[in-house]
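# Observations on the three-dimensional arrangement
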Amino acid sequence: MPAWARRLLARCLHRFTRRALPVLCLLQGAAQASEAIVSAKYEGPTDRYAHAVLGDGIEHETLVLTLADGTFRRFTLPETSVFEDTEPRLADLDADGSPEVIVVQSDQSEGARLAVYDAAGLITATPYIGSRFRWLAPLGASDLDGDGRMEIAYIDRPHLAKTLRIWRYEDRRLNDIAALAGVTNHRIGERDIAGGIRQCDGMPEMIVAGADWQELRAVRFVGGLFETRLLGADTSRDAFAAAMKCEG
């Protein structure tokens, strides 16, 4: 092709690209909006993981996501795994306007791990605890230290290790950044998980119990360090609920 023809073709393509780019961006944005997750639930009850940490021997094998366009995405675990959890949790971890889904998966040999899904499937996960029937209880997700990045908090083995762990979500990965021993949020057989993350004065606080269930505590994560405040000696579910409403 002669040089003049190549230049003409380049100019034509440039004009087309400038006009088409906004249209392509709009189409891409619309596609992303239609795939935004609006709700999540577990399906497929199974008794193949006989831990019963949540009061019975029934866990679930399938995560079902409902998208903004009304369609569903289903992700079913292999026979060796279950969702050992109370419910999936939605949180916008990457600040793109669409939430990710936080779940607890347990393996027959390796125990539990925390995992993050989007509409396409599994994004990332923490390592498994490493032993069968070892579990973790999520507190939630927030920008705990105010640096603009999201963290996920859970209690590692709330009946044994009783350790608060914080993982930062960044670049579609989870990085272990901090741990605090001596706290818990669940007792064997309870159907729910106590506490969570509250926002009372603009700063996130994690509401947990002391390891012996004799104290209700509020924990902040500031400058890479934990700050713990005693809220009282009542660790009933009513006390936890009041604390989560900023009444304690």
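Below: a short report on this structure. Note that the structure is predicted; figures quoted are calculated from it, not measured.

What counts as what
- Residues numbered from 1 in each chain as written.
- Predicted model: local features only at pLDDT ≥ 70, side-chain atom pairs only at ≥ 80, totals over all residues.
- Heavy atoms only, no water.
- Helix = DSSP H or I, 4+ residues; strand = E, 2+ residues; numbered from the N terminus.
- Buried < 20%, exposed > 50% of the residue type's maximum accessible area, 1.4 Å probe, protein only.
- Contact = heavy atoms within 4.5 Å.
- Phe/Tyr/Trp six-rings, centres within 6.5 Å; stacked < 30°, edge-to-face > 60°.
- Lys NZ or Arg CZ within 6 Å of the ring centre and 35° of its normal.
- Disulfide = S-S within 2.5 Å.
- Core = buried A, V, L, I, M, F, W, Y, C linked by side-chain atoms within 4.5 Å.
- Domains from an automatic or database assignment.
- Arc of directions from axis to C-beta.
- Pairing = 2+ DSSP bridges.
- Axes fitted to C-alpha atoms, helices over the stretch in contact; angles between N-to-C directions.

### Topic: the overall build of the protein
When helices and strands are counted, the protein shows 2 helices and 17 strands. The burial tally for the protein puts 43% of its 248 residues in the buried class. In the protein, 46% of the contacts between residues at least 6 apart in sequence involve partners at least 24 apart.

### Observations regarding the packing of aromatic side chains
Under the defined criterion, the tally for this structure stands at 6 aromatic pairs. Centre to centre, the rings of Phe221 and Phe226 are 5.2 Å apart; their planes meet at 50°, and the pair counts as tilted. Given the relative accessible area of 3%, Phe221 is considered buried. Here the aromatic cluster, defined as three or more aromatic residues joined through ring pairs, consists of Tyr42, Phe75, Phe83 and Tyr117. Taking NZ or CZ as reference, Arg74 lies 5.6 Å from the ring centre of Phe72, over its face. The cationic tip of Arg187 hangs over the ring face of Trp213; the distance from NZ or CZ to the ring centre is 3.9 Å.

### Quick look at unusual backbone geometry
Here Phe133, not a glycine, exhibits a phi torsion of approximately 65°, which is positive. Within the secondary structure, Phe133 sits in the loop between β8 (121-125) and β9 (136-142). Although it is not a glycine, Arg172 adopts a positive phi angle of roughly 65°. Judged by relative accessible area, which is 45%, Arg172 ranks as partly exposed.

### Considerations on the state of the cysteines
Taken as a whole and assessed by the stated rule, the structure comprises 1 disulfide. The side chain of Cys200 participates in a disulfide bridge whose partner is Cys246; the two sulfur atoms lie 2.0 Å from each other. The sign of the -95° torsion about the S-S bond sets the Cys200-Cys246 disulfide as left-handed. Of this pair, Cys200 sits in the loop between β14 (196-199) and β15 (204-210) while Cys246 sits in the segment after α2 (237-244), and the two are 46 residues apart along the sequence. On the basis of relative accessible area, Cys246 is assigned to the partly exposed category, the value being 36%.

### As for the environment of Glu43
Position of Glu43 among the secondary structure elements: in strand β1 (residues 37-46). Between the alpha carbons of Glu43 and Arg74 there is a distance of 9.1 Å; along the sequence they are 31 residues apart. Here Glu43 is in contact with His60, Glu61, Thr62, Val64 and Arg74, once residues within four sequence places are set aside.

### What about the nonpolar core?
Counting residues in each nonpolar core, the largest one holds 20 residues, and the members touching the most others are Leu93, Leu114, Val116, Trp135, Ile152 and Leu174. Residues lining this core come from more than one domain, with at least three contributed by each of domain 1 (34-134) and domain 2 (135-247). Formed by 14 residues, the second largest nonpolar core is a distinct cluster that contains Leu144, Ile155, Ala178 and Val219.

### Some words on α2
Along α2, the positions that sit buried rather than exposed are Ala239, Phe240 and Ala243. Projected down its long axis, α2 shows its buried positions confined to an angular sector of 100°, all on one face. Each element contacted by the buried residues of α2 is listed here: β14, β15, β16 (216-222) and β17 (225-232). A positive backbone phi angle near 65° is found at Cys246, which sits one or two residues after α2.

### With respect to the sheet that holds strand β11 (residues 163-170)
Ordered by their spatial adjacency, 4 strands build an open sheet running β9-β10-β11-β12, and the pairing between neighbours is antiparallel. Pairing within the sheet leaves two strands with one partner each, and these edge strands are β9 and β12 (173-181). Neighbour-to-neighbour, the strand axes of the sheet open up by a mean angle of 25°, direction not taken into account. Relative to β11, strand β10 (residues 150-156) is paired through 7 bridges, and the arrangement is antiparallel. Bridge pairing in β11 links Asp156 to Thr163.

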